[in-house]
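Analysis of the macromolecular model
Read off the chains here:
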Amino acid sequence: MESSTRISVAIRMRPILKEEADQGQTNSKVFIDSAEKAIVVSSTDQKQQKKFFFDSVFDEITSQDELFSNTQIPELLKKVVQGFNATIFAYGQTGSGKTYTMEGYEYSSLKPNIKESERQGIVPRSVKALFEEIKAMPNTMEYTVYCTYLQVYQEKIYDLLNPAQLKPGSPGLKMRWSKHDEFYVENLYVHPCYNATEVLTHFHAGLKNKIMASHNLNSASSRSHCILSLNIEGVDIEGGGIISSKLQLVDLAGSERASLTGNEGLALKESIEINKSLFTLRQVITTLAGSREGDSAFIPYRDSKLTSLLKQSIGGNSFCLMIACLCPCDQFYEENISTLAYATKASCISNDPVKNLDPKSKLVNELRKEIKGLQGELKEAFEQIGMLTELVNLDKTQILKMKDLEKPLLATAQGQRAKTTKNIDPIPGRIHSAMAVPRPIVPQQEPFSLSLEMLSENLHDSVKMIKELMSSNKKLKEIINELSNIKKGQDAEIAQLHAENQTLIEKLENVENEPVIVAKLQKEKQELQNRVAALERENKQAPVIFPIKERKTEWAWKSKRTIVRADSPGQFIDKDHYQKYQSVRPSTRVRVEKSAESARPPKSDMSPDNKVKEDALSALSVLYSKTRVRKYGTFF
Ligand SMILES: Nc1ncnc2c1ncn2[C@@H]1O[C@H](COP(=O)(O)OP(=O)(O)OP(=O)(O)O)[C@@H](O)[C@H]1O
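Because the structure is a prediction, the values reported are computed rather than measured.

Conventions adopted
Residues numbered from 1 in each chain as written. Predicted model: local features only at pLDDT ≥ 70, side-chain atom pairs only at ≥ 80, totals over all residues. Heavy atoms only, no water. UniProt positions renumbered as here; feature names shortened; annotations may be inferred. Helix = DSSP H or I, 4+ residues; strand = E, 2+ residues; numbered from the N terminus. Contact = heavy atoms within 4.5 Å. Polar contact = N/O pair within 3.5 Å; in protein donor to acceptor, adjacent residues only side chain to side chain. Patch = residues over 30% accessible without salt bridge, like charges linked within 9 Å, V, L, I, M, F, W, Y side chains within 5 Å. Areas by Shrake-Rupley, 256 points an atom, 1.4 Å probe, with all protein chains shown as cover. Salt bridge = Lys/Arg side-chain N within 4 Å of Asp/Glu carboxyl O. Near = heavy atom within 4 Å. Nonpolar A, V, L, I, M, F, W, Y, C, P; charged D, E, K, R; others polar. Buried < 20%, exposed > 50% of the residue type's maximum accessible area, 1.4 Å probe, protein only. Axes fitted to C-alpha atoms, helices over the stretch in contact; angles between N-to-C directions. Parallel < 35°, antiparallel > 145°, perpendicular 65-115°, else oblique. Left-handed = near helix turned anticlockwise from the far one by under 90°. Disulfide = S-S within 2.5 Å. Pairing = 2+ DSSP bridges. Phe/Tyr/Trp six-rings, centres within 6.5 Å; stacked < 30°, edge-to-face > 60°. Lys NZ or Arg CZ within 6 Å of the ring centre and 35° of its normal.

**Remarks on the UniProt feature "binding site: ATP" (unreviewed entry) in the protein**
Cross-referencing UniProt, the feature "binding site: ATP" (unreviewed entry) maps to Gly-92, Gln-93, Thr-94, Gly-95, Ser-96, Gly-97, Lys-98 and Thr-99 in the present numbering. Structurally, Gly-95 is set in the loop between β7 (85-92) and α4 (98-102). Once residues within four sequence positions are removed from consideration, Gly-95 is found in contact with Arg-14, Leu-217, Asn-218 and Cys-327. Note on placement: Lys-98 falls in helix α4. Lys-98 has contacts with Ala-90, Tyr-91, Gly-92, Gln-93, Asp-251, Leu-252, Ala-253, Gly-254 and Cys-325, leaving out every residue within four places of it along the chain. Side-chain polar atoms of Lys-98 contact the backbone oxygen of Gln-93, separated by 2.8 Å.

**A word on a nonpolar patch on the surface**
Together, Leu-476, Ile-479, Ile-480, Leu-483 and Ile-486 make up a nonpolar patch on the protein surface, roughly 480 Å² of accessible area in all. Position of Ile-480 among the secondary structure elements: in helix α12 (residues 446-541).

**Considering the site of the ligand**
Lining the immediate surroundings of the ligand are 18 residues, of which Thr-94, Thr-99, Tyr-100, Ser-221 and Ser-222 lie closest. Between the ligand and the protein, one listed contact pairs an oxygen atom with a backbone N or O atom of Gly-95 at 2.8 Å. Isolated, the ligand exposes 620 Å² of accessible area, and the fraction of that covered by the protein chains is 85%. Residue classes in the shell around the ligand are distributed as four nonpolar, ten polar and four charged.

**Looking at the pattern of salt bridges**
Oppositely charged side chains can pair when the atoms bearing their charge come close. Scanning the model with the defined rule gives 18 salt bridges in all. When the shortest N-O distance is used, the salt bridge between Glu-103 and Lys-210 registers 2.7 Å. With Glu-103 in the loop between α4 and β8 (106-108) and Lys-210 in the loop between α6 (196-209) and β15 (212-215), the pair connects residues that are 107 residues apart, well separated along the chain. Across the pair, exposure class does not vary: Glu-103 and Lys-210 are buried alike.

**With respect to the environment of Lys-174**
Within the secondary structure, Lys-174 is located in the loop between β11 (156-159) and β12 (175-178). Sequence-distant contacts of Lys-174, that is, excluding residues within four places in its chain, are made with Tyr-184, Val-185 and Glu-186.

**Notes on the side chain of Asn-336**
In this fold, Asn-336 is placed in helix α10 (residues 333-346). Look at Asn-336 and you get buried, because its relative accessible area is 2%. One polar contact links the side chain of Asn-336 to the main-chain carbonyl oxygen of Cys-327, over a distance of 2.5 Å. When neighbours within four sequence positions are excluded, Asn-336 is seen to be in contact with Val-30, Gln-93, Leu-326, Cys-327 and Cys-329.

**Looking at the packing of helix α5 (residues 122-136) against α6**
It is the contact of α5 with α6, at a shortest axis distance of 9 Å, that shows an interaxial angle of 155 degrees. By the angle between their directions, the pair α5 and α6 is classed as roughly antiparallel. Read as a crossing pair, α5 and α6 show a hand that is right-handed. Residues Val-123, Pro-124, Val-127, Lys-128 and Phe-131 of α5 lie in contact with α6, whose contacting residues are Ala-196, Val-199, Leu-200 and Phe-203. The residue inventory of the contact of α5 with α6, partitioned by class, reads eight nonpolar, no polar and one charged.

**What about the state of the cysteines?**
Overall, the coordinates contain zero disulfides when judged by the stated rule. We note that Cys-193 lacks a disulfide partner, and the nearest cysteine sulfur, in Cys-147, lies 4.9 Å from it. Here Cys-327 stays free of any disulfide, with the sulfur of Cys-329 as its closest cysteine sulfur at 6.3 Å. Residue Cys-327 is classed as buried on the basis of its relative accessible area of 1%.

**So, the pairing of β12**
Across four bridges, β12 lies against strand β13 (residues 182-185) in antiparallel orientation. In the sheet register, Ser-178 faces β13, and the bridge partner there is Glu-182. Hairpin connection between β12 and β13: a loop of three residues separates the two successive antiparallel strands, and Asp-181 in this loop has a positive phi of roughly 65 degrees.

**Topic: the packing of aromatic side chains**
Applying the stated criterion across every chain, the model contains three aromatic pairs. Each ring, one from Tyr-149 and one from Phe-203, has its centre 5.3 Å from the other, and the planes form 45 degrees; the classification is tilted. Pair noted here: Tyr-149 is in strand β10 (residues 141-153) and Phe-203 is in helix α6, with a separation of 54 residues, a long-range link. For Tyr-149, a relative accessible area of 2% translates into the label buried. Positioned above the aromatic ring of Phe-84, the side-chain terminus of Lys-79 is 5.5 Å from the ring centre. Over the face of the ring belonging to Trp-177 we find Arg-302, whose NZ or CZ atom lies 5.2 Å from the ring centre.

**Description of the environment of Leu-391**
Locating Leu-391 in the fold gives a position in helix α11 (residues 359-424). Distance in space between the C-alpha atoms of Leu-391 and Leu-455 is 10.0 Å, their sequence separation being 64 residues.

**Quick word on the packing of helix α8 (residues 265-290) against α10**
One way to put it is that α8 packs onto α10 with a least axis distance of 8 Å and a crossing angle of 45 degrees. Accordingly, the angle class assigned to the pair α8 and α10 is oblique. Both α8 and α10 take part in a crossing whose hand is left-handed. Only Tyr-342, Lys-345 and Ala-346 of α10 make contact with α8, whose side of the interface consists of Arg-282, Ile-285, Thr-286 and Ala-289. Here the residues of the contact of α8 with α10 are counted per class, giving four nonpolar, one polar and two charged.

Given below as structure tokens:
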């Protein structure tokens, strides 16, 4: 961001026109002091004078070229090409020379007579100068200029480059709020242009569409505020950076006093709307001029389309030049005073121009800066490493030197010790440690002692560091142990959960398979029952052979439906034998059945599965007993 900058203000006073001179109009109150860049205004009684100072002032005879060159316009255009926004707007009462200053074309029958001449105003000159600036930029920069041209007429926005949209009854274009904190107009025609001629072709086409009217003070009066916008996009094809900026060239409609213009009907309505939007513009200027830095005063930009569209130009992020136009005639004294007052206020407004870099380019630039910083740090680190390496090498050589020095000293010391031991030691043959020998104080050279000091410091630091490392290592080991214990516990828990899970899965499978098992058992039961029936049939048909003595009772047995039979003649040896069988068998069976029943739950309480099993078992037991009896002929 550039440092904040004030709105530049230039004052231009037009000459008295022929019609005005014919009417006897004179200028006796407002004078240009070019040397002091001031406007001198006399009081109505001409007794007092007041001076208004501005960035530049231009008198009646100033040419279009002088005005263009002596304002900040050339500098502003440079800034635009570099990526800053800029606005140039003409302000003043009706007929004061705004359109002349901005466009410079002659008007006849409310239409401009477009031709190249010295009369050309700020717009055509700026467009040409802008492309000159673009040409002067390095070849690595490629620019495209996008042109739009609109008018704000009776609080509606119309596209001057889209004739279809200008038809009577058209609702106008909508204004939207963009994420870049500015208003923009939706569906405006945007024309890419590659040279000044292309831009001016669109500009001239738009001029023919703007609404003009004639009134007492101006034969070709603008009834709308017109804004020509040039969006400039520059791409650095080598560095990859993108800049985008906007140049707004604004020709405002002028404030009008109905009593002087003589407007009626539609023209009067137009005057009212023009005055309303200019009133908002003055309010914005007054509020901004009155507010101090850091103030959060409410600026009524949204109160009119014009101020919304100029939001970034006045008190925003653009460079801005205001050209305040004055009528020299005494009859416009009050209007001139008002214009000068607002021009003075505008000159107090600070803008904060910002270079519009593409976010990606911004990031790339930031990263480049960071890389540069890091490279610097790396260089420093390498230097330090180099220094340390040198120091270490130095120390090594000095240690070696020290050892060499120590050898003769040690020998001397040992010699002395030997002498001392001989003379003083009361215990002959005692072994003395070399450490116990007091070392003689040897005068040392200065650099050597310094190096020793450094070495001992280094050693001390290293020992300290190793101790710290060991203690942190110990702590880490403890933490690792703790964590491994926790892990073991978790593993056991997981294993348990797996086992439980497996059991549950099995149970679930059993539940799922139950119908299959039941069906299988029922099938088995059926088969068993069939077999039982078959065996019974077989038994009935089988011949019963009794001992001859007992034949008489054969039918008596049969009538009791006793199914016990002997397989071979003589199974029952005698009648006693049979009677014994008869007396024991029924009671035994009953006892067995009772005890079995008392051990089991009642059949009705059994699960279907168990019922089937029970039935099958009882059938089997009957079959088994019958088979046994049949086979062996006895239970005992
Ligand atoms: N500096 C000048 N030198 C010569 N003639 C000028 C100058 N300024 C303005 N004029 C003439 O004054 C008349 C009114 O000027 P102009 O139309 O530019 O006023 P304006 O401020 O645009 O009015 P409005 O607000 O009604 O559109 C025109 O005929 C114009 O040619």
